[in-house]
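# Chain and residue survey
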Amino acid sequence: MAAAEGRLVPEGRASLAAFLLGASVAALPLLLSAPPALLAGPGLQGRAALALALHVAGINALLLLLYRPPLYRIAIRACFLGFAFGCGLLLSFGQSSWKHFGWYMCSLSLFHYSEYLVTAINNPRSLSLDSFLLNHSFEYTLAALSSWIEFTVEKIIYPEMKHITWLSTVGLLMVIFGDCLRKAAMLTAGSNFNHIVQNEKSDTHTLVTSGVYGWFRHPSYVGWFYWSIGTQVLLCNPICVVGYTLASWRFFRERIEEEEFTLIHFFGAEYLEYKKKVPSGLPFIKGVKVEL
């Protein structure tokens, strides 16, 4: 799966093309000669539904023609994320009362797709379907479902609660900051970054302390932590804001301790010195304690 330096591996190129194809659903209003706000009108609902079905079927047929099964499995996932991103754009720029949920859809789909794309750029040897993080864990899926249910229920019972634009904007800024910080960490670490904590040190594994790693020891976790909380602030989900904060904090506390045991084993005194100078970046998480 290696590629010449500066070139995107075939898996990455296929995923990018498929993501853009999926996102092209956002252009449907232009094809129907109607702005997004009018697609909900009685006369256009049936026409829009038919166009959407034909669009999805056409893209799937194209992907089947372009890619054999290994690449098709990548492409269909990237296309799904692109489709979600495109639908999010339609909601975001239309007059729908689900506008802020559209922001959320764009944020969620772009986060997962960019995880795969940056891995394809940085560390193609570790690239797999798991790099999309779509099957991260049962708990992650449950948390996402819980946030959708809370948003919908609260929107039905108290719709004004979901139209606090300034609060959703704060959440969107948290999401952008968190995702940018995480991707900056991945790009800075290069091939040293892996979605799975490594138990064996490779010949090319080095301790990265520059860039965002000079700010925090675990910038990718810091970014993900604030991104996850930001998604719930964006949705104005008070219950999930608390739940996500507590669950994410606990997860990253355990993950950081596990990872730092490995890093101390790999780099010894070099990592301990780095640990003294640079904070973890997450509140009240100091990392593994070492008795000297």
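The structure under discussion appears in the preceding block.
As a starting point, this report considers the structure included with it. (Residues numbered from 1 in each chain as written. Predicted model: local features only at pLDDT ≥ 70, side-chain atom pairs only at ≥ 80, totals over all residues. Heavy atoms only, no water.)

Glancing now at the nonpolar core. Formed by 45 residues in total, the largest nonpolar core has its most connected members in Tyr213, Trp224, Trp227, Tyr271 and Leu282. Every element with two or more residues in this core is listed here: α5 (99-122), α6 (138-157), α7 (165-189), α8 (219-234), α9 (238-267) and α10 (269-277). Broken down by element, this core gets its largest block of residues, 8 residues, from α8. Within the second largest apolar cluster, 23 residues are counted, among which are Ala14, Tyr72, Ile74 and Phe85. (Core = buried A, V, L, I, M, F, W, Y, C linked by side-chain atoms within 4.5 Å. Buried < 20%, exposed > 50% of the residue type's maximum accessible area, 1.4 Å probe, protein only. Helix = DSSP H or I, 4+ residues; strand = E, 2+ residues; numbered from the N terminus.)

This brings us to the layout of surface pockets. A probe as big as a water molecule, rolled over the atoms, marks out the empty space that is left. Taken as a whole, the largest pocket spans an internal volume of roughly 900 Å³. Around the largest pocket sit 35 residues that line it, and Tyr140, Thr141, Ala143, Ala144 and Tyr244 are the ones nearest its centre. Secondary structure elements with two or more residues in the lining of the largest pocket: α4 (69-93), α5, α6, α8 and α9. Grouping the constituent residues of the lining of the largest pocket by class yields 23 nonpolar, 11 polar and 1 charged. Taken as a whole, the second largest pocket spans an internal volume of roughly 720 Å³. Lining the second largest pocket are 37 residues, and of these Phe193, Asn194, Ile196, Tyr221 and Glu259 lie nearest its centre. Elements supplying a minimum of two residues to the lining of the second largest pocket: α7, α8, α9 and α10. Looking at the lining of the second largest pocket, the element that brings in the most residues is α9, giving 8 residues. Partitioning the lining of the second largest pocket into residue classes produces 17 nonpolar, 15 polar and 5 charged. (1 Å grid on protein atoms, 1.4 Å probe; cavity = no way out; pocket = protein on both sides within 12 Å on 5 of 7 lines; lining within 4 Å. Points joined across faces, edges and corners; volume = space filled by probe spheres on them. Nonpolar A, V, L, I, M, F, W, Y, C, P; charged D, E, K, R; others polar.)

What follows covers α9. Spanning 30 residues, α9 covers 42 Å between terminal C-alpha atoms, matching the ideal 44 Å at 1.5 Å per step. Immediately downstream of α9, the backbone of glycine 268 shows phi near 55 degrees, a positive value. (Expected span 1.5 Å × (residues − 1).)

In short, geometric facts, not functional conclusions.
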